[in-house]
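Fold and geometry: a report
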Amino acid sequence: MKLSSDNPFKKETELATDTQIEAVIAPTGSLQRSASLVRVKEGFIRTILLACAGVSILTTIGIIFVLFSNAVYDVAPDRIGADGKVKPNEAFFQIVSPVEFLTETRWTPQYAEKHFGILPLVCGTLMISGIAAMIGIPVGLCSAVYLSEYATPRARSIIKPVLEVLAGIPTVVYGYFALVFVTPYLLKPLIQDVLGFDVGVFNAASAGIVVGIMIIPMISSLSEDVLRSVPRSLREAAYALGSTRFDVSTKVVVPAALSGIIASFLLAIARAIGETMAVTIAAGQTAVVTGNPFESVATMTSYIVNVSLGDTELGSIEEKSIYAVGLTLFMMTLAMNIISQFVLRRFREVYN
Amino acid sequence: MNTTLNDPMDELAPTTSSEPATEKTERFVKPVAPVEIPETASLSVDAATKVCTRNLDFYYGNNQVLFDVSLDIPEKSVTALIGPSGCGKSTFLRTLNRMNDIIEGTRHTGEVLLEGTDIYASEIDVVLLRKRVGMVFQKSTPFPKSIFENIAYGPKVAGLRNKARLAEIVEASLKRAALWDEVKDRLQDSAMALSGGQQQRLCIARTLATNPDVILMDEPASALDPASTARVEDLIFELRKNYTIVIVTHNMQQAARVSQQTAFFFQGILVETGVTKELFTNPVEKQTEDYITGRFG
Ligand SMILES: Nc1ncnc2c1ncn2[C@@H]1O[C@H](COP(=O)(O)OP(=O)(O)OP(=O)(O)O)[C@@H](O)[C@H]1O
Ligand SMILES: [Mg+2]
């Protein structure tokens, strides 16, 4: 009798003979190149996949090109007008100086006396994004913490789909929700009747509130992902030191995931800045530099919509101005995205 | 093979196979001391019981993994839990500070008594319990904070705000965990930058900072290199003077070096408990003997 069969802790390993092994793993197939038809098929699949990946890259390049050629420098050759005169194709910044664009405080391309200062539009955009952030960030973060740290699997299975529904509502619906519910039934009674501030039919606050609601699902699902990726061992260590669930969430898990959470905030704010439909409907069209959230403001996006929908003459300075505004918007959201990528990378470094 | 050469294997083969198998088994099993047993591997007889379990059964869902475990853990000593992988050592250890509570679907029957009080009784505050019964894990788990903040974490969640007092605790804990000299000049640096062995001693220091009386350690040195392991073992050996320690280990040599009592688990059953020296030199149960010798025979 062998010792190992007596001892339950020793692994019984029957050593297979070489011939047995050979029978199983010996190479049988030939090493010749596969038939050419198979190779063509492989190459075809590869090309299709690459093309799909290429679509988004080409689109981005195309958009950047259109923005630049209309806003910064027009590459198209000069045209000869019907009257025989040379009409130079000029981009927006070849006509309006970037200094005026950045420092002037009036934005009146549609009036007789034209001023091209982007500040009122940036101001409107930032005010609405700011209000949206004040609502979306705390609510989104709290729901992320709830889902990741507190919710039972059952509660999660109910709340997650609800958040997804919220994310799927068309933004135009949010816009009308602001216009026909938030302003008349929330802001007017509270702010106007109780506190005594005038609330306009169109106002930044109602737009900010609905955009804030709009970004909650985004913040909550992105933040929840990073919270859940905090290793379980870290939570256990914290519990073993006498932490309550609240201690574990606020003092260990959230700080450990902080850069990922901030990245989710930045992405959501970028979304709020670019939000168009709800803002166009709810905030109105008054390009002013103001600190009052209860009056009408214009944002970069809502200006672009209005010029696009109006009967603006093609090639006019008005038409060109939307590219300059679009470029500004593009730069702002791009910056937010780059910063959030950078922050996220730092988060990953902590655990890898 | 060239048959003209005198192959040593040819000479040995017949003798080995002709030897009676029973004799061979005897020879492997009889001298039971596979590990060196230091003099410290025994208990003073009058040691009081700190923690004990009574008829403890434990279940993950419907899967029972502990069967009727009754074990007394004497105070100010090291108790080693040994046994093959999956036999329930970690599960048992985690019942002692109710860490299993945070896993969904677990339940138990039987009692776990800390100084005679049932820790699963409804009036027990599990947060306070875990301060008294600290735990160190296999994988070191420093928080991504500074060294100082890691150690101060426990006292802080317990409500201590006094800066000077916190600094005192941090220093005392690090000294006790034999880490102070290595980190005293960089307390504000990230704990993640420490070496594996230092991180594990940091985790021990962090546990000491909550001022526990019992420390549970689940394979605390299994991820460390030999030098760091030796340091952690020395530390555990020192700590037993002030704390009651329960340690899970797969390393018999380590169990012999650091513990005074050893408990052998097999498939969820506590097979044998005894003073380390006796359990290793003269096990009562056949299964214990097989396990100890199987590893090192
Ligand atoms: N979270 C869990 N959920 C379900 N079953 C578990 C869980 N943790 C452990 N088990 C099961 O309980 C049994 C005992 O596991 P335990 O981790 O206590 O063993 P162990 O003795 O510590 O093993 P090892 O030496 O490998 O660490 C195993 O069969 C394991 O599969
Ligand atoms: Mg284990």
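Since we're looking at a predicted model, the values are computed, not measured.

Conventions adopted
- Residues numbered from 1 in each chain as written.
- Chains lettered and ligands numbered in written order.
- Predicted model: local features only at pLDDT ≥ 70, side-chain atom pairs only at ≥ 80, totals over all residues.
- Heavy atoms only, no water.
- pLDDT = per-residue confidence, 0-100.
- Contact = heavy atoms within 4.5 Å.
- Salt bridge = Lys/Arg side-chain N within 4 Å of Asp/Glu carboxyl O.
- Helix = DSSP H or I, 4+ residues; strand = E, 2+ residues; numbered from the N terminus.
- Buried < 20%, exposed > 50% of the residue type's maximum accessible area, 1.4 Å probe, protein only.
- Near = heavy atom within 4 Å.
- Polar contact = N/O pair within 3.5 Å; in protein donor to acceptor, adjacent residues only side chain to side chain.
- Areas by Shrake-Rupley, 256 points an atom, 1.4 Å probe, with all protein chains shown as cover.
- Nonpolar A, V, L, I, M, F, W, Y, C, P; charged D, E, K, R; others polar.
- 1 Å grid on protein atoms, 1.4 Å probe; cavity = no way out; pocket = protein on both sides within 12 Å on 5 of 7 lines; lining within 4 Å.
- Points joined across faces, edges and corners; volume = space filled by probe spheres on them.

A word on the confidence of the model for chain A
Averaged over chain A, the pLDDT score is 86; the fraction of residues at 70 or greater is 88%. When the criterion is pLDDT under 50, residues 1-5 of chain A qualifies, and its contacts beyond four places in sequence or with other chains add up to 10 contacts.

A closer look at the pattern of salt bridges
All names here are of chain A. Per the counting criterion, the structure on display carries 23 salt bridges over all chains. Across the salt bridge formed by Lys160 and Glu224, the nearest N and O atoms sit 2.9 Å from each other. Pair noted here: Lys160 is in helix H7 (residues 153-168) and Glu224 is in helix H9 (residues 204-228), with a separation of 64 residues, a long-range link. For Lys160, a relative accessible area of 24% gives the class partly exposed.

Examining the site of ligand 1
Residue and element names in this part refer to chain B. What surrounds ligand 1 is the set Tyr60, Val65, Ser85, Gly86, Cys87, Gly88, Lys89, Ser90, Thr91, Ile103, Glu219 and His250. One of the side-chain N or O atoms of Lys89 is found 2.7 Å from an oxygen atom in ligand 1. Burial of ligand 1 by the protein chains amounts to 61% of its free accessible area of 630 Å². Counted by class, the shell around ligand 1 contains four nonpolar, six polar and two charged residues.

Considering the side chain of Asn70(A)
All names here are of chain A. Its place among the elements puts Asn70 in helix H3 (residues 36-71). Here the side chain of Asn70 touches Val66 through a polar contact of 2.9 Å, landing on its backbone oxygen. Leaving out residues up to four positions away in the same chain, Asn70 has contacts with Ala91, Phe92, Lys320 and Tyr323.

Remarks on empty space enclosed by the protein
All told, the structure shown has three cavities of 30 Å³ or more when counted by the stated rule. Roughly 70 Å³ of internal volume is contained in the largest cavity. Surrounding the largest cavity, 13 residues form its lining, Ala237(A), Met135(B), Phe137(B), Arg206(B) and Thr207(B) being those nearest its centre. Secondary structure elements with two or more residues in the lining of the largest cavity: helix H10 (232-240) of chain A together with strand S6 (133-136) and helix H8 (196-208) of chain B. Here the element with the most residues in the lining of the largest cavity is H8(B); it accounts for four residues. In the lining of the largest cavity, the residues fall into seven nonpolar, four polar and two charged.

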